[in-house]
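Descriptive analysis of the structure
Below are the chains, spelled out letter by letter.
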Amino acid sequence: MEFGILGPLEIRAERPLPALKPRQGRLLARLLLSPNTTVPIETLTEALWDGEAPDSAARQVQNAASQLRQAWLNAQVIDARAILRTAHSGYRLETGAGQIDLENFRESVAEGRRLELANDTAGAVGALRQGLALWRGPAFAGMRSRVIETYAAQINEQRVSTLQECIRLELAIGPAEHVIPELAALVAEYPYREQLTGLLMTAFYRMGRQTDALQAYQDQRARLDAELGIEPGPELRKLHQRILRSDATLLGSAGTAQPGRPVAVASPGPAVPAEMPPPLGYFVGHLREMALLHRDPEPGQVTVVTGAAGMGKTSLVAQWAAQARDMYPDGQIFLDLRGDDTTTRRAPSAVLGHILESLQPTLQQMPHSLDRQVSLFRTLVSSRRVLIVLDNADGIDQVLPSIPVGGGSRLIVTSRRRLAALHAHTAVRLVTVEPLSPEESIELLTVDAPARSADKLAPQVRELGALCGGMPLALRILAARLLSEPLLTPGDLLTELSGSDLRLDGFLLHGDARSVRSVLRSTYEALPELQQAVFRLLAVHPGRRFRLELVAAITGLPLPAARRIVGSLAAINFVTKTGPEHITLHDLVRHFAAETLDRTDPAARTEALHRLRDWYLSVAAKASRVLRPDRDAYEDRVPLPEDHLGEFRTVREAIDFLGGERESLASVTAATLEIDLEATVELIYYLHSYYVRSGFPTAAVGVWRSCADRSEEIKDELTRAHLHHALGGACAVIQELAEGVVHMRRSAELYEAANNLGGAAGARLGIGWALEAEGRLADALAETERAKDLALAAGNTTLVVHALFNSAETLAVMGEFGAALTRLQHARRLAGETDERQLDALITSSIGELYVNIGSVGVGLGYLHEARQALHALGYRKGEARALMRIGVALRRSADANADKWLRQSLALFSQSNDPAGVVAVTELLEGAARSGDAA
């Protein structure tokens, strides 16, 4: 198979292939942009729905990939499964040499540049024309996807740049006549690319058509004036003047122009500055940032390329500058401002002095004052097209004097700071350099690896990429280590980097002073002392995402002060603001903060860990009071410190808040276990109610088990009971039923010994639930009845409702529908009296299922839809998933074609909630239907 993207998306095979559906086309287009690389589901989702994906997006991506593969198989593409491969986290399109026209085009362009360097101009033109002949129209023409269109814009730019380069070479070897029609069409298509107009004027002039050359200039001048209100740039004006004067230098050695006879190219003028560092040998990713650089700036606009240390800002600009060389014929000036080193930082006058010397090497004496230097600089650039790159700036004072005024010159500044104050002085285009994607990280790590080896080691390489967090500097260092140390494998590197507290030691190369640690240290050492202290303390939080209230708690600062300092850290890209109240910290930056904290102030770590513990205890307790108001074993505890948050007003507020903290909760619990076992149990006690609704992550259950291994260290029996109860319930939910029963029986014994009847009732309810899941229905019913008696004795109506509900569920499984319905109706009345809305919704769902089972499908669906809406509003994902499954089953009984839609929604929620039993149940329903359909 061959794939064409230089025009409308096209697939060529030995047999005709069916037309692609729009979603299949977008899927294939995104895969073609990263051939032989696993593209994650999330990345494909972004391309298919432009960031507005439905909840079922992952499933729909799978369906589109399956349909595409099946269409190829139906067309007798026998290796379709080998071409479109399913990976653990996404899809991969396997292609070989010559199968994608874009890669063929790029190879031809590279060959043309090689031949030009070898002084084979005719050969270079031939190679470039061969590549250009592959184009059938704009890349991905007709495809509607903002993501694909962004990629397409950059690919299309490569075509225009190559055409421009090709025609320039053709003019060098003549004759010029055959390029004139093509140039005229290009000028009409790209009216603001003055280089094309200049080539057209030159071609006319060299064919003896001076009048046409002058008219081309006048047409361009009128167009710019009418549409943009500006004059042509200095280079085009200079060319116009030379043609007006019948400049013999422009005509070359022939001296006069003759119709139909080519004229030699003019000899090169004085040397122009070419100070840019060379582009990297292999550049990966940053397509969005590159596209922003390729956009022509507004007059006087400064481009600021910002990003964290090690993100590849300078490399990005160097790569772009190599492509844009022809746009700045008067030179490229580069200067490192050393903004990360206060001792060698360049002063504004030194910056401007370097630029002036580059622009005018014959300058006899530098003006004494900065004002005079600025005046001279503006005069020199007013008639030139120069690119000025000021690298590693730390303040606008280094930049302001060097802003070009008028003409076609451009200033690009790279900085770890956002230089927000620059907006008050001039127009600014901000280009933020983001981390590389997982697939781009893999590509960079395996650039020199043989294809088979890279594929075999893909899982290990992906883990290495994840450790780097998309930081190009870190990725290039690891790639260099793998290349220079033949016996070192990705697995060895993983062991080294994952097993050491000093992970940053692995990100350095002998003989190279620049390492991940060194670039981070340079940023850190430039901070004021208070900002350094706050930055160090961020390391105690084991997660990547922080609330500003947590920063205030960890540091002991008032919230406004914490907010100001976080803003300062975000301004230098040490942290990233992801919302009004949230920041994230790159993993390698967090490791640097941790080792700096341990080296400078280890006692502060312990204090901050205790503050971290107290903040999470406080917010988890607030959430638990809303989720289970009948359950607070710690209501008499000593008040916790200020958490800077108010009370949660609704169940949904509490669930949404903890949902925002979900990825950190397990690691925070583990960190608390390091310093305070009993406080860890308290945190587990509070979080249990949240996890019951949202699902128990495997990592959380693992930490809880570690806590239980140390339960004998806990002196208070009720505390041990709380731990065994929570862990037992979690094990039961994730289908570790036998282990769950053991812990809950131990919990029940401890509660009963302490005469805590409510706790014992809750533990017995959990035992009954687990026994029912094991199929021991009679034993389950007996435990639930015992739980109801304990709840009544404790005067806990909520637990009585739970017991009635659980026993009704068991009776329904036993086929005792009448008895089950009676208990459910009783439970619903009690739940209404106590305003237990969540329990009421769960009971309503079970009543709906009962009615469906006795044949009243319409009545049952009414209850089920009511329950689903209530559970969704409450944020109880597991309960909503079960209601969705029950709706799907009911619709199947009615032969409704929409049944599977509800089942797939249910499957997605069960998966998100880490509920293996629910996943298995819905999967069996869906696969059973598929088998039935195949048989039919």
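None of these values were measured; they are calculated from a predicted model. (Residues numbered from 1 in each chain as written. Predicted model: local features only at pLDDT ≥ 70, side-chain atom pairs only at ≥ 80, totals over all residues. Heavy atoms only, no water.)

1. Here's the deal with the sheet that holds strand E4 (residues 84-86)
Taken in spatial order, the three strands line up as E3-E5-E4 in an open sheet, and their pairing is antiparallel. The open sheet has two free edges, formed respectively by strand E3 (39-40) and E4, since each of these has just one partner strand. Two elements, E4 and strand E5 (residues 90-93), share three bridges in a ladder whose sense is antiparallel. Paired with arginine 85 across the two strands is arginine 92, which belongs to E5. In the packing of helix H3 (residues 57-74) onto the sheet, contacts are made with E4 and E5, and the angle to E4 comes to roughly 140°. (Pairing = 2+ DSSP bridges. Helix = DSSP H or I, 4+ residues; strand = E, 2+ residues; numbered from the N terminus. Contact = heavy atoms within 4.5 Å. Axes fitted to C-alpha atoms, helices over the stretch in contact; angles between N-to-C directions.)

2. Some words on the sheet that holds strand E10 (residues 428-432)
One open sheet holds the five strands; their spatial order is E7-E8-E9-E6-E10, and the pairing between them is parallel. This sheet does not close on itself; its edge strands, each paired only once, are strand E7 (332-336) and E10. On average, each strand axis in the sheet is inclined to that of its neighbour by 15°, with strand direction left out of account. As paired strands, strand E6 (residues 302-306) and strand E9 (residues 410-415) are joined by five bridges and run parallel to one another. Its bridge partner lying in E9, threonine 303 is registered against isoleucine 412. Along the sheet face, helix H14 (residues 313-323) touches E6, E7, strand E8 (387-391) and E9 and points at about 155° away from the line of E9.

3. Topic: the side chain of glutamate 880
With respect to the helices and strands, glutamate 880 occurs in helix H39 (residues 877-893). By relative accessible area, glutamate 880 is classed as buried at 9%. Among all residues touching glutamate 880, those that are not within four sequence positions of it are Arg868, Leu871, His872 and Leu909. (Buried < 20%, exposed > 50% of the residue type's maximum accessible area, 1.4 Å probe, protein only.)

4. A short note on the packing of helix H2 (residues 41-49) against H3
Look at H2 against H3: their axes get within 10 Å of each other, and the N-to-C directions meet at 85°. Taken together, H2 and H3 sit at an angle that is classed as roughly perpendicular. In contact with Ile41, Leu44, Thr45, Leu48 and Trp49 of H2, H3 contributes Ala57, Ala58, Gln60 and Val61. Of the residues in the contact of H2 with H3, the class split is seven nonpolar, two polar and no charged. (Parallel < 35°, antiparallel > 145°, perpendicular 65-115°, else oblique. Nonpolar A, V, L, I, M, F, W, Y, C, P; charged D, E, K, R; others polar.)

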